[in-house]
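If you want the building blocks of each chain, they are given just below.
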Amino acid sequence: MPESTQERRPVITPARVVIALCLIAPFVAMLWVGSYAKADPALAGIPFFYWYQMLWVVISTALTMLAYKLWQHDQQGRKAGEGK
Amino acid sequence: MTLAANDGVNGVALGVFIFFFLAVTVIGFMAARWRRAENEQSLDEWGLGGRSFGTWVTWFLLGGDLYTAYTFVAVPAAVYAAGAAGFFAVPYTILVYPLIFTFLPRLWSVSHKHGYVTTSDFVRGRFGSKGLSLAVAVTGILATMPYIALQLVGIQAVLDVMGIGGSSNWFVKDLPLLIAFAVLAAYTYSSGLRAPALIAFVKDTLIYIVILVAIIYIPIKLGGFDDIFAAARHKFETPNAAGKPTGALVPPEAGQWTYATLALGSALALFMYPHSITATLSSRSRNVIRRNTTILPLYSLMLGLLALLGFMAIAAGVKVKNGQLAIPQLFEDMFPDWFAGVAFAAIGIGALVPAAIMSIAAANLFTRNIYKDFIKPDATPEQETKVSKLVSLLVKVGALVFVLTMDKTVAINFQLLGGIWILQTFPSLVGGLFTRWFHRWALLAGWAVGMAYGTLAAYGVASPTQKHFGGSSKEIPGIGEIGYIGLTAFLLNVAVTVVLTVVLRALKAPDGVDETSPEDYTADAGDPGVQTELPPATAGSTH
């Protein structure tokens with residue numbers, strides 16, 4: 001096990017803030033039930049309440065994917081910065 | 001008591017069902033030979049499949065235990081009975097992924113560094129406390145039982161609708177359930193985690209076919225979603241005997257706290273379950289976990305579509321006394337017999353796989369953290385595996401007791417009850433992953449308070465069918481809204497832990513030894529850009 005190099009970069013970077021926002025957004029959207037507890041507008045006969053939450057499955061997937069990509073990028077950058 | 005929805009046996013459906021059931025049984029036994037390692041007697045091998053599963057297998061495994069009879073039977077049944085309130089399962093599964101993304105890679109790293117197989121292993125290593133480790137183990141085993149029971153209820157619902165097991169004689173009535181149980185037990189016993197991983201492929205294929213057909217074919221047959229929701233609205237707005245509406249298409253003001261707390265509480269609880277952890281730890285690398293969180297939500301979409309089946313059952317005029325039978329009955333009414341058989345097989349196998357994974361996980365917990373820590377510290381790997389296998393049987397028997405003795409009409413409560421308990425291990429596990437500040441005694445006290453409050457509160461909830469454990473929501477003290485008991489108990493737990501930690505730290509109470517170091521939590525994934533070799537699967541294995 002090589003000695004781990006002390007991180008020189010700041011812990012909080014813009015990319016990391018975006019990652020955090022991507023991960024927090026679904027909580028805000030889903031736990032604020034009052035924002036989507038309504039029947040209209042319906043989509044193909046499905047009340048808003050239902051299709052909106054299903055839509056958020058897709059949105060949160062996209063956000064998680066973005067977070068994953070950003071994180072990979074972040075880690076690679078750090079790796080390179082360490083200059084091992 | 002369940003009531004057979006019809007009296008005749010559906011021969012064709014039963015035949016197809018049995019065909020698939022036999023097929024997966026064969027696969028289950030063959031699984032023992034799949035990707036077998038040299039040291040098959042070690043617990044790593046039986047219980048974690050050698051920790052060598054990549055993205056796809058892990059995806060099927062995780063999906064296999066996240067989406068279960070809960071998805072196919074309990075959630076649609078809740079929607080069928082109450083409408084919007086049952087749909088909380090969708091936000092619940094949405095919230096799970098950001099949580100997994102944040103927490104589980106750290107657990108994976110530290111576990112692979114120190115050879116932890118269970119959450120208790122980690123807690124003991126982190127806090128140097130056997131007592132805390134025991135608490136986590138006992139909670140895991142306890143909470144898993146009602147969850148397995150839910151799977152058995154799912155299988156039973158299918159068998160009921162097919163017309164077997166409907167006799168008033170209790171033994172004949174439960175015989176099919178016992179047979180299904182025995183098969184499950186037998187191949188789990190012989191193949192370990194490899195059985196459910198392989199069968200998960202069959203299961204998911206079947207489930208996707210059934211869902212696609214159900215979601216396209218049934219709405220067309222029922223005249224579209226407009227008609228379906230109109231019928232549901234009509235049913236919910238028709239007052240019941242007490243003069244109240246029976247449900248709602250959109251949660252009313254008063255139900256929104258319940259909705260949100262159930263979603264959040266369930267999401268926090270899900271990855272604390274021993275079986276979720278087992279599936280996670282069996283993945284090949286830390287990166288696999290994160291990659292998985294980007295594709296697992298496919299299952300959530302599926303869950304949402306399945307939940308809508310509850311409304312379709314209303315529109316199709318399905319009338320069952322036991323709500324759990326609503327979806328199987330809908331399938332039988334709507335589909336030709338042979339395809340009903342396929343659908344029933346999907347539900348049945350969809351319950352078997354997670355039941356197997358759950359019992360293996362609970363067994364690992366017992367062996368590692370109770371048997372080895374307290375009963376026989378010098379157990380050999382062979383003995384460990386043997387005990388695990390036996391306990392996996394016992395856990396299933398425990399679940400069977402739940403099914404046979406408790407009211408099954410609101411099966412979703414089984415899962416929520418398990419959630420109340422398992423959530424109480426959150427501060428030790430997730431807290432421990434990020435900080436060593438919490439004091440081990442404070443964590444133990446917080447856990448005890450959370451468990452006591454949660455159990456008592458749930459005990460005090462009555463439903464029309466039973467006096468105790470009739471539901472999982474209750475007024476939140478101090479807020480006055482109705483919320484998920486598990487979440488309230490969890491907050492209480494955290495409060496006690498924090499306060500006592502401050503006190504104990506001030507008193508300089510002896511802190512346990514922490515055998516982990518900060519870089520363990522990012523090991524391997526501390527540098528995911530680099531391909532590192534597979535982490536050593538340490539515990540008990542020699543290769």
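The numbering scheme is per chain: residues are counted from 1 as the chain's sequence reads. Labels follow written order: the first chain is A, the first ligand is 1, and so on. Confidence filtering applies because this is a predicted model: local features only for residues at pLDDT of at least 70, side-chain atom pairs given and counted only at 80 or more, and all residues used for totals across whole chains, interfaces and linings.

Caption draft 1: Up close: the overall build of chain B. In this description a helix means any DSSP run of H or I spanning at least four residues, a strand means any run of E spanning at least two, and both kinds are numbered starting from the N terminus. In terms of regular secondary structure, chain B is built from 21 helices and two strands. Counting every position in chain B, which comprises 543 residues, the buried fraction comes to 60%. Any pair of residues counts as being in contact when their C-beta atoms, constructed from backbone geometry, are within 7 Å of one another. Considering only intrachain contacts with a sequence separation of at least 6, the fraction spanning at least 24 residues in chain B is 84%. Any residue whose C-beta has 12 or fewer other C-beta atoms within 10 Å is treated as exposed, any with 20 or more as buried, and any in between as partly exposed, C-beta atoms being built from the backbone.

Caption draft 2: The arrangement of the overall build of chain A in detail. Scanning chain A from terminus to terminus reveals two helices and zero strands. Looking at chain A residue by residue over its 84 residues, the buried ones come to 25%. Of all intrachain contacts in chain A linking residues separated by at least 6 positions in sequence, the fraction that spans at least 24 positions is 61%.

Caption draft 3: Quick look at the interface of chain B and chain A. Of the residues lining the interface, 36 residues belong to chain B; the matching set on chain A comes to 31 residues. Elements represented by at least two residues in the side of chain B that touches chain A include exactly α5 (89-114), α10 (224-237), α11 (256-270), α13 (286-295) and α14 (298-315) of chain B. Residues belonging to the side of chain B that touches chain A are distributed by class as follows: 23 nonpolar, eight polar and five charged. Throughout this entry, Asp, Glu, Lys and Arg are counted as charged residues, while Ala, Val, Leu, Ile, Met, Phe, Trp, Tyr, Cys and Pro are counted as nonpolar. The remaining residues, Gly among them, count as polar.

Caption draft 4: The arrangement of the confidence of the model for chain A in detail. Looking at chain A as a whole, its pLDDT mean stands at 81, while 83% of the residues score no less than 70. Every residue gets a pLDDT, meaning the predictor's confidence in that residue, from 0 to 100. Across residues 1-5 of chain A the pLDDT falls below 50, and counting only partners more than four positions away or on other chains, this stretch makes two contacts in the model.

Caption draft 5: Up close: the nonpolar core. Residues and elements named next belong to chain B. Counting 187 residues, the largest nonpolar core has Ala74, Val75, Leu152, Ala263, Ala307 and Met312 as the members making the most contacts within it. Counting residues per element, this core draws most heavily on helix α16 (residues 337-375), at 22 residues. Residues within four places of Ala307 in sequence aside, it is in contact with Val75, Pro76, Val79, Gly86, Phe87, Ala89 and Val90. In plain words, the nonpolar core is the set of buried Ala, Val, Leu, Ile, Met, Phe, Trp, Tyr and Cys residues that C-beta atoms within 7 Å link up.

Caption draft 6: Inspection of the UniProt feature "transmembrane region" (unreviewed entry) in chain A at higher detail. Residue and element names in this part refer to chain A. UniProt positions are given in the numbering used here, feature names are shortened, and annotations may be inferred rather than shown by experiment. UniProt's entry tags residues 17-37 and 49-71 with the feature "transmembrane region" (unreviewed entry), counted in the numbering of this structure. For residues 17-37, helix accounts for 71% and strand for 0%, while the C-alpha atoms at its two ends are 30 Å apart. Strand forms 0% of residues 49-71 and helix 100%; the C-alpha atoms that close the span are 32 Å apart.

Caption draft 7: Layout of unusual backbone geometry. Of note, the bond from Asp40 of chain A into Pro41 of chain A is cis; its omega dihedral lies within 30 degrees of zero at -5°. Examined against the element boundaries, Pro41 of chain A turns out to sit in the loop between α1 (14-31) and α2 (48-82). Backbone geometry at Ala44 of chain A places phi at a positive 50°, although glycine is not the residue there. Here Ala44 of chain A is to be found in the loop between α1 and α2. With 9 C-beta atoms packed within 10 Å, Ala44 of chain A lands in the exposed category. The phi dihedral of Lys508 of chain B falls on the positive side, at around 55°, and the residue is not glycine. By secondary structure assignment, the location of Lys508 of chain B is in the segment after α21 (485-506).

Caption draft 8: Highlighting the confidence of the model for chain B. Residue and element names in this part refer to chain B. Across chain B, the average pLDDT comes to 79, with 81% of residues at 70 or higher. Within chain B, helix α2 (residues 43-48) has the poorest average pLDDT of any element, 56, and α21 the best, 91. Across residues 1-6 the pLDDT falls below 50, and counting only partners more than four positions away or on other chains, this stretch makes 15 contacts in the model. This model gives residues 525-543 a pLDDT under 50, and the stretch forms 40 contacts once residues within four places in sequence are excluded. The ipTM value of the predicted complex is 0.85, and its pTM value is 0.85.

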